[in-house]
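The primary structure of each chain is shown beneath.
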Amino acid sequence: MSRYRSRPRPTLNRLTAAAIATAAGICITATPADATGTEPVVSRGVTIPAFYNPPAQLPAANGTLIRQEPLPLGLSLPGLDGRPLPGTATRLMYKSTDSSGQAVAVTGTYIEPSAQWKGDGPRPLVAVASGTMGQGDQCAPSYALEHPLTVSGETLSVGYDNLAVYRLLAAGVAVVVTDYAGLGATDRLHTYVNRLDEGHAVLDAVRAARALPGTSLTSGSGIGLYGYSEGGGATAAAAELQPTYAPDVHLAGTYAGAPPADLTAVMKGIDGSALVSALGWAINGFVQSYPEMRSLAAANLNDAGRKALADASTMCVGESVVRYGFTRSTAWTTSGKSVAEIIAAEPRAQAVLDDQRIGTLKPVGPVRVATGVQDDIVPHAQARQLALDWCRKGGNITYDAIELPNLGDRILTNHLAPLLTDQGTAISWLTDRLEGEPATSNCWTMPFQR
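Residues numbered from 1 in each chain as written. Predicted model: local features only at pLDDT ≥ 70, side-chain atom pairs only at ≥ 80, totals over all residues. Heavy atoms only, no water.

1. Here we look at the overall build of the protein chain
- Helices and strands together make up the secondary structure of the protein chain, namely 15 helices and 15 strands.
- A globule of 450 residues ought to have a C-alpha radius of gyration of about 22 Å, and the protein chain, at 21 Å, matches this closely.
- C-alpha atoms of the protein chain, sized along the principal axes, occupy 60 × 55 × 40 Å.
- Split into buried and exposed, the 450 residues of the protein chain put 62% on the buried side.
- Long-range contacts, defined here as pairs at least 24 residues apart, represent 77% of the contacts in the protein chain between residues at least 6 apart.
- Approximately 15,900 Å² of the protein chain is accessible, and the part contributed by carbon and sulfur atoms is 57%. (Helix = DSSP H or I, 4+ residues; strand = E, 2+ residues; numbered from the N terminus. Rg over C-alpha atoms; globule rule 2.2 N^0.38 Å. Buried < 20%, exposed > 50% of the residue type's maximum accessible area, 1.4 Å probe, protein only. Contact = heavy atoms within 4.5 Å. Areas by Shrake-Rupley, 256 points an atom, 1.4 Å probe, with all protein chains shown as cover.)

In structure tokens, the structure reads:
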């Protein structure tokens, strides 16, 4: 297998105590990330700008800006008043805290809209948490805003959440997009669907945007969260974590579309699907974050599994579907059992997934949970259960079951269709909250909704 990175990636060495790297034939050492920020990384033929290399020392306060620079939007037009449409973007790096309590540098983008905010009060801010992009640094949402389509012989990435970003900007809403921990920033792997890492990254993105000089944001700007799929899990986690992690970030409303709230159920949904590489991304991230998972992964993955996980660690969704789509995880294990079966039989692993469960805390502010009834990738039932769990805790929940026909099993269409068909409603609901319109819980309707 070819080597895709121009220099060692330290966190892959942690992957099952170097067993995965050794079996995959990748030479990996514990070399620290470039502290000067001058050496670029090349990931699957894409040169990652040196901006994404975190410094050796990070600030103490969460949400503190580490660095910023102008970001040219890949889709932009000159406005009649001289301001670019839909806005002016700034690439950010800011400090957050990961699930282990360690400081982490996170990248992202703030976009100042050219459109005026027509609602009452100052211009609001929405933090957009992107859906699944992959685990390679070239898949970062901020990079996708500059390069909406990245295509080469080695990688394929599409900035599909740019549409939601541009719709918010057209409404005069300022937007900050987080890349999450390790997606973009080159010093670690992206900790895919880690609720703490992602919830923290979303909340700290708001803090970083508010600290950026020269914006139209004020201390009175309303704050909203928007996310679908992986992003829906991130915004759902952020709404739960806000009281303890970011009490200074007052949420006017949160949209959580197709949230992966129960990873045990989601793991079964993606196994054997077009998006089976997401299993690899999740395992890679949890091995990095939870030391107890390293020996477990090393003991249960065969050569094919180790190679697949190492390969997936630099992939975006596009090439992962082409390379591994519809593979069963039974092909990656020494026992021939699925990853779900192995985790169910291993208390340490099940404890990790239980710790990742979203819905054990009451979310702050009104939350809209939307889920396609045909979704078999991020299964509908577990997303509905999240809404039920929050309703039982007294949350202000608007639940919408998106009724669409079955568009094809396990090929992503049932998961992606609601992203598009519900997007207008989701953005309208969120902008209503930013305008100060109250939301009334519809928990009482859940017995009548699928």
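2. Side note on the packing of helix H7 (residues 277-289) against helix H8 (residues 292-300)
- The interhelical angle for the contact between H7 and H8, taken along N-to-C directions, is 135°, at an axis separation of 6 Å. Here H8 runs oblique to H7, going by the angle between their axes. In this structure, the crossing between H7 and H8 has a hand that is left-handed. Between H7, through Phe-286, Val-287 and Gln-288, and H8, the contact on the second element is made entirely by Met-293, Arg-294 and Ala-297.
- Class assignment for the residues of the contact of H7 with H8 results in 4 nonpolar, 1 polar and 1 charged. (Axes fitted to C-alpha atoms, helices over the stretch in contact; angles between N-to-C directions. Parallel < 35°, antiparallel > 145°, perpendicular 65-115°, else oblique. Left-handed = near helix turned anticlockwise from the far one by under 90°. Nonpolar A, V, L, I, M, F, W, Y, C, P; charged D, E, K, R; others polar.)

3. A closer look at the environment of Pro-379
- Within the element layout of this structure, Pro-379 appears in the loop between strand E14 (367-372) and helix H13 (380-392).
- The class for Pro-379 is buried, based on a relative accessible area of 17%.
- With 42 residues separating them along the chain, Pro-379 and Thr-421 place their C-alpha atoms 18 Å apart.
- Once residues within four sequence positions are removed from consideration, Pro-379 is found in contact with Ala-265, Val-266 and Gly-269.

4. Things to note about helix H4 (residues 195-211)
- End to end, H4 covers 24 Å across 17 residues, agreeing with the expected 24 Å (1.5 Å per residue, within 8%).
- Extensive coverage of H4 is indicated by the burial of 15 of its 17 residues.
- Capping the start of H4, Asn-194 holds a side-chain oxygen 3.1 Å from the backbone nitrogen of Leu-196, two or three residues further along. (Expected span 1.5 Å × (residues − 1). Polar contact = N/O pair within 3.5 Å; in protein donor to acceptor, adjacent residues only side chain to side chain.)

Worth remembering: the numbers are spatial, not functional.
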